[in-house]
Amino acid sequence: MLIPDEAQMMALGHRLARALRWPLVIHLQGPLGAGKTTLVRALLRGLGHRGPVPSPTYTLVESYQSGGRRVHHFDLYRLADPEELELIGLRDYLDEEAVCLFEWPERGEGVLPRADLELRISPRGKGRELEVVVHTGEGEAVARDAGLQ
Ligand code: ADP
Ligand code: MG
């Protein structure tokens, strides 16, 4: 589907927030500047988060709490080795029934959990093309409820 501008990307983030289920793993693919962080920011706003949403490029992960539920936003761009994920305690993040969003999931191949939902974003002129790949029933339900299918 075509996302013509940033406002539409934000709207999509809000729809995803309403459709979200816990726990869930979402992989966000696409080149630098595709809009992955923009989408996560809108999703967190949609969940009621009011503070800043920094890109976790250097920290690898930023965590948020919303109504007693947790969202972990990972950016693996700078990951040198997937093993590093074990050092930061990836298992603990996954064990707590959280929603985990991964930018650059390909850098954590072999260590990352399987995605329920994959969102692949590519630039198309001034807009973005979004390809949605579902891997589980939960992922399918979220994609459907967010109007992605
Ligand atoms: P990524 O996390 O994929 O590297 P960012 O979300 O940090 O990308 O940056 C995306 C940039 O592209 C932002 O500056 C945003 O304003 C701009 N942009 C332009 N059009 C769109 C669009 N349709 N969707 C998302 N971002 C867009
Ligand atoms: Mg980013």
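Everything here concerns the structure above.
Throughout, a residue's number is its position along its own chain's written sequence, starting from 1. All chains are assigned letters beginning at A, and all ligands numbers beginning at 1, according to the order in which they are written. Given that this is a predicted model, residues contribute local features only at a pLDDT of at least 70 and side-chain atom pairs are listed and counted only at 80 or more, while totals for whole chains, interfaces and linings are drawn from all residues. Side-chain numbers here rest on the full set of heavy atoms in the structure, without hydrogens or water.

(A) Just the site of ligand 1, in detail. One heavy atom within 4 Å of a molecule or strand is enough for the residue carrying it to be called near that molecule or strand. Around ligand 1 sit 15 residues, and of these Glu6, Gly33, Lys36, Thr37 and Thr38 come closest. Any pair of N or O atoms that falls within 3.5 Å is considered a polar contact. Within protein, one atom must be able to donate a hydrogen and the other to accept it, and sequence-neighbouring residues count only if both atoms are side-chain atoms. Glutamate 6 has a polar side-chain atom sitting 2.5 Å from an oxygen atom of ligand 1. In the model, an oxygen atom of ligand 1 is placed 2.7 Å from a nitrogen or oxygen of the lysine 36 side chain. Coverage of ligand 1 by the protein chains reaches 73% of its 570 Å² of free accessible surface. Only the protein chains shown count as cover for residues, and all accessible areas are computed by the Shrake-Rupley method using a 1.4 Å probe.

(B) Inspection of the environment of proline 105 at higher detail. Here proline 105 shows up in the loop between β5 (99-103) and β6 (117-124). In this structure, the C-alpha to C-alpha distance between proline 105 and histidine 27, residues 78 residues apart in sequence, is 6.0 Å. Beyond its immediate chain neighbours, meaning those up to four positions away, proline 105 contacts His27, Leu28, Gln29, Leu76 and Leu112. A helix here means a DSSP run of H or I that spans at least four residues, while a strand means a run of E at least two residues long, and both kinds are numbered starting from the N terminus. Every residue pair with non-hydrogen atoms within 4.5 Å of one another is taken to be in contact.

(C) Focus on unusual backbone geometry. The peptide bond linking tryptophan 22 to proline 23 adopts the cis configuration, its omega dihedral lying at -10°. If you trace the backbone, proline 23 turns up in the loop between α1 (6-19) and β2 (24-29). Positioned with a positive phi, leucine 60 is a non-glycine residue whose angle comes to about 75°. Within the fold, leucine 60 resides in the loop between α2 (36-46) and β3 (61-66). On the accessibility criterion, leucine 60 (9% relative accessible area) is buried. Partly exposed describes any residue whose relative accessible area lies between the buried limit of under 20% and the exposed limit of over 50%, with all areas from a 1.4 Å probe on protein chains only and scaled to the type maximum.

(D) Spotlight on the coordination of the magnesium ion (ligand 2). Here a donor is an N, O or S atom found within 2.8 Å of the metal, or within 3.2 Å if the metal is Na, K or Ca; sites may look incomplete because water is not among the atoms. With distances of 2.1 to 2.2 Å, the protein atoms coordinating the magnesium ion (ligand 2) are Thr37 (OG1) and Glu103 (OE). Of this pair, threonine 37 sits in helix α2 while glutamate 103 sits in strand β5, and the two are 66 residues apart along the sequence. Among the residues examined, threonine 37 registers a relative accessible area of 13% and is labelled buried. The exposure class of glutamate 103 is buried, given its relative accessible area of 2%.

(E) How the structure looks around the sheet that holds strand β1 (residues 2-3). Pairing between strands requires that DSSP locate at least two bridges from one strand to the other. Spatial ordering of the open sheet is given by β1-β7-β6-β2-β5-β4-β3, a layout of 7 strands whose pairing is mixed. The open sheet is flanked by β1 and β3, the only strands paired with a single partner. Pairing of β2 with β6, which is carried by 4 bridges, proceeds in the parallel orientation. Residue pairing for β6: leucine 28 is matched across the bridge by leucine 119. In the packing of α2 onto the sheet, the strands contacted are β2, β3, β4 (69-75), β5 and β6, and the crossing angle to β5 comes to about 160°. Axis definition: a line fitted to C-alpha atoms, over the contacting stretch in the case of helices. Angles run 0 to 180 degrees between N-to-C directions.

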